[in-house]
Amino acid sequence: MEGTAIVISPLIALMKNQVDAMRHFSEKDGIAHFLNSSLNKQAIDQVKEDVVSGITKLLYVAPESLTKEDNIDFLRTIKISFYAVDEAHCISEWGHDFRPEYRKIRPIINEIGSRPVIALTATATPKVQHDIQKNLGMVDAQVFKSSFNRPNLYYEVRTKTSNVDIDIIKYIKSQEGKSGIIYCLSRKTVEELAEKLVVNNIKALPYHAGMDGAKRTENQDAFLHEEVDVIVATIAFGMGIDKPDVRFVIHYDIPKSLEGYYQETGRAGRDGGEGQCITFYTNKDLQKLEKFMQGKPLAEQEIGKQLLIETAAYAESSVCRRKTLLYYFGEPYDGENCGNCDNCLNPKKLIEAKDELCAALETILALKEKFRVGYIIDVMRGKSTNDIKLYKHNELDVYGCKDDVDEKMLNAVIRQGIIGGYIARDVENFGLLRVTDKGKEYLKEPLSFKIAEDKDYSEIDNEIQIKGGTTCAVDPVLFSMLKDLRKTIAKKLDLPPYVIFQDPSLEAMATTYPISLEELQKIPGVGAGGKAKRYGEEFIELIKRHVEENEIERPDDLWVRTVPNKSKPRLEIIQGIDRKIPLNELARSKCIDFNEILDEIESIVSSGTKINIDYYLNEVMDEEDQEEIIECFKDFDSDDLEPVIKELGSVYSEEEIRMVRIKFLSEMGI
Ligand SMILES: [Zn+2]
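Residues numbered from 1 in each chain as written. Predicted model: local features only at pLDDT ≥ 70, side-chain atom pairs only at ≥ 80, totals over all residues.

### Remarks on the overall build of the protein
For step 1, the next point in the chain: From N to C terminus, the protein includes 30 helices and 15 strands.
For step 2, the next point in the chain: Taken along its principal axes, the extent of the C-alpha atoms in the protein is 95 × 75 × 45 Å.
For step 3, the next point in the chain: Buried residues in the protein amount to 35% of all 670 residues.
For step 4, the next point in the chain: Considering only residue pairs separated by 6 or more positions, the protein has 73% of its internal contacts joining residues 24 or more positions apart. (Helix = DSSP H or I, 4+ residues; strand = E, 2+ residues; numbered from the N terminus. Buried ≥ 20, exposed ≤ 12 C-beta atoms within 10 Å, placed from the backbone. Contact = placed C-beta atoms within 7 Å.)

So, in structure tokens, the structure goes:
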């Protein structure tokens, strides 16, 4: 084709990759170029020269650059073969990545000069497709559509509990050496989860828009070059990434829309091989997302909510995931059982819902097809809301027709009635329901209509408190037994219990069930020092007995470790103490005050590392004084400093008491 094709693409970061890929097809680098804000004057001149001389066949342009006067003026002077609009779903506010500047593309094309236009996208619902065509003025265009079905992808939705991190670590450990992407909604979660994976010996890196550009590219490349197995990312990651052998995509949070979900999961198994798509879902996340939207314009909020409802419906449904997804993209799926999703592999018992479907259809018609699902269910169940009274819908025959059926069931009936084609939801009109022709036929001659009950994804776990960065005990019974044992041993040895093991260590034991000395030493706060050998045996015995008696399946090979905070300065403090540097000098060299260095040392000691500060203590305190404080500590039965300070505070300073406590913990505990 004669002339240069103009490729309009939203992602500046990807243009270079795309251009590089194109250059492989030619001997001349000038065959493809990009024009965006990252180029300097000299580079822009080179691009223009190549375009004018006819060498360049493809010119990538960001929509922002396309609106600039100079660029428009330049493009008017050259011969253009055609326009390609990439990621065309960005045109529609119903797409998952709406970009207002995409709406200006058509007027600008008209200004530059009309040529053939091709629009491309990998995710478009019928509604989005219509928006694209309308907006680009190509309603009569020929549409090429390939199936949305990706038979090699396995879809699963799991309940998200407070142990989601452990669940994910377990899952990844079962996928040894395979490449995977974990999507989280917030940057904070990305950072924290990546760190947790790393301390659990999983090769992982974070990726999000808040990181600086160079670091982001570095992490992305490390993933592409398989230096790491897992990338933990916000949805900023992956557009245009073409790694063929991503074996799993995990959604840590519910995606904001099914388009987003489809596109993100679509990055798994591009080579046609295995691709597992696991989503962790709780309806609590829905409320969080709705809260995020509150600052946005109302229309946008409304759209956002609708998209979210679709995603939640997908997650909670017991219908084949593939069928639901394909239905969403306007593609029928005729198979009864796809054999590659959690719902098909573990089908739920089906319930006859003929009466309920008929009642739903009749209610929708009685309400003149002007209401949404929630209202329709309220009428069917005979609820007395203000709106119902206002519209006098409590006088209808259908009012209360299914007052003995719960809301969840009716929701499932309507949802599956939609998928079955009996009911249609008018997306453009905020989800008003109407009865299709097929639905009207059904009412004349109702047949059996069996549905699967929706799953319950409300919080199942009993809300065990999580402390900063540490795990919580998943087995509260064992935890309290371990505490009792600690008390008994402490009494026998005449020591406060916390000297033996601190609570976080017991919580970890009641989570991972160590039954050998080696395993016990991996528990945070136990360490390889003397603690495990001195007290470990009795704890191991207790855990073993508990595991056997209750037939507990221990997590294989799984040691969820906590993330050490500020571990580098701590290491330097330990080294400084080893070299017998006076603590006050050590504090000064670290630019922290004396109390802060005591804080650090206390937490080093309580995490199981032996520290000997005698060299300093003997310098600043008499041994008898130290002895008196130690005796006082032994008299109290908690790790609280307060009672000791109350008792001896008039004689010794708080700093002195704390230093002696460190000595005491170090000598007795380890
Ligand atoms: Zn299925």
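### Quick word on unusual backbone geometry
For step 1, the next point in the chain: Positive phi is not limited to glycine here, since Glu-226 has a value of about 60 degrees.
For step 2, the next point in the chain: By the element assignment, Glu-226 lies in the loop between α9 (213–224) and β9 (230–233).
For step 3, the next point in the chain: The exposed category is assigned to Glu-226, around which 12 C-beta atoms lie within 10 Å.
For step 4, the next point in the chain: The phi torsion at Tyr-513 lies on the positive side, around 50 degrees, for a residue other than glycine.

### Let's talk about the sheet that holds strand β10 (residues 246–251)
For step 1, the next point in the chain: Read across the open sheet, the six strands follow the order β6-β11-β10-β7-β9-β8; overall the sheet is parallel. Edge positions in the sheet fall to β6 (153–159) and β8 (204–207), since each of these pairs with one other strand and no more. Sheet twist, expressed as the mean angle between neighbouring strand axes with direction ignored, is 15 degrees.
For step 2, the next point in the chain: Inspection of the sheet shows β8 paired to β9 by four bridges, in the parallel sense. Bridging across to β9, Pro-206 finds its partner in Val-232.
For step 3, the next point in the chain: In the packing of α9 onto the sheet, contacts are made with β8 and β9, and the angle to β8 comes to roughly 140 degrees. (Pairing = 2+ DSSP bridges. Axes fitted to C-alpha atoms, helices over the stretch in contact; angles between N-to-C directions.)

### A word on helix α6 (residues 126–135)
For step 1, the next point in the chain: If you check which residues of α6 are buried, you get Val-128, Gln-129, Asp-131 and Ile-132. One side of α6 carries all its buried residues, which in axial view fall inside an arc of 160 degrees.
For step 2, the next point in the chain: Where α6 is buried, its residues touch β5 (117–119).
For step 3, the next point in the chain: Immediately downstream of α6, the backbone of Gly-137 shows phi near 65 degrees, a positive value. (Arc of directions from axis to C-beta.)

### A word on the packing of helix α15 (residues 354–366) against helix α16 (residues 373–380)
Two quantities define a packed helix pair, namely the angle between the helix axes and the distance between the axes.
For step 1, the next point in the chain: Contact pair α15 / α16: the axes reach a minimum separation of 10 Å and the direction vectors enclose 110 degrees. Compared by their axis directions, α15 and α16 come out roughly perpendicular. On α16, the residues that touch Ala-359, Ala-360, Thr-363 and Ile-364 of α15 are Ile-376, Val-379 and Met-380.
For step 2, the next point in the chain: Residue classes in the contact of α15 with α16 are distributed as six nonpolar, one polar and no charged. (Parallel < 35°, antiparallel > 145°, perpendicular 65-115°, else oblique. Nonpolar A, V, L, I, M, F, W, Y, C, P; charged D, E, K, R; others polar.)

### Some thoughts on the packing of helix α20 (residues 476–493) against helix α21 (residues 503–512)
For step 1, the next point in the chain: In contact at an axis separation of 9 Å, α20 and α21 are set at 135 degrees when each is read in the N-to-C sense. Regarding the angle of α20 to α21, the classification is oblique. Regarding α20 and α21, the two cross each other, and that crossing is right-handed. Where α20 abuts α21, its residues Leu-478, Phe-479, Leu-482, Lys-483 and Arg-486 lie against Leu-506, Glu-507, Met-509 and Ala-510. (Left-handed = near helix turned anticlockwise from the far one by under 90°.)

### So, the environment of Gln-263
For step 1, the next point in the chain: The residue Gln-263 is located in helix α10 (residues 258–265) in this model.
For step 2, the next point in the chain: Distance in space between the C-alpha atoms of Gln-263 and His-96 is 9.6 Å, their sequence separation being 167 residues.
For step 3, the next point in the chain: Dropping the residues within four chain positions of it, Gln-263 is found in contact with Ala-122 and Thr-123.

### Quick look at the sheet that holds strand β3 (residues 58–61)
For step 1, the next point in the chain: With parallel pairing, five strands are arranged side by side in an open sheet as β2-β3-β1-β4-β5. Where the open sheet ends on each side, the last strands, each with one partner, are β2 (32–35) and β5. The mean inter-strand angle of the sheet, taken between neighbouring strand axes irrespective of direction, is 20 degrees.

### Here's the deal with the environment of Ile-523
For step 1, the next point in the chain: Along the chain, Ile-523 turns up in the loop between α22 (517–521) and α23 (530–549).
For step 2, the next point in the chain: A residue is classified by how many C-beta atoms lie within 10 Å of it, and Ile-523, with 25 of them, is buried.

### What to know about the domain arrangement of the protein
For step 1, the next point in the chain: Per the domain assignment, the segments of the protein are domain 1 (4–135), domain 2 (153–313), domain 3 (350–452), domain 4 (476–558) and domain 5 (568–669).
For step 2, the next point in the chain: The C-alpha centroid of domain 5 is placed 66 Å from the C-alpha centroid of domain 1. (Domains from an automatic or database assignment.)

### A short note on the pairing of strand β1 (residues 4–8)
Put simply, side chains in a regular strand alternate between the two faces of the sheet.
For step 1, the next point in the chain: For β1, the buried fraction is high: four of the five residues fall into the buried class.
For step 2, the next point in the chain: Inspection of the sheet shows β1 paired to strand β4 (residues 80–85) by four bridges, in the parallel sense. From the neighbouring strand, Thr-4 faces β4, where its bridge partner is Ile-80.
For step 3, the next point in the chain: As paired elements, β1 and β3 share four bridges and run parallel to each other. Across the sheet, residue Ala-5 finds its bridge partner in β3, namely Leu-58.

### Let's talk about the confidence of the model for the protein
For step 1, the next point in the chain: With 92% of its residues at a pLDDT of 70 or more, the protein shows a mean pLDDT of 84.
For step 2, the next point in the chain: Low pLDDT, under 50, characterises residues 459–472; the stretch is placed with 25 contacts to residues that sit more than four places away or in other chains. (pLDDT = per-residue confidence, 0-100.)

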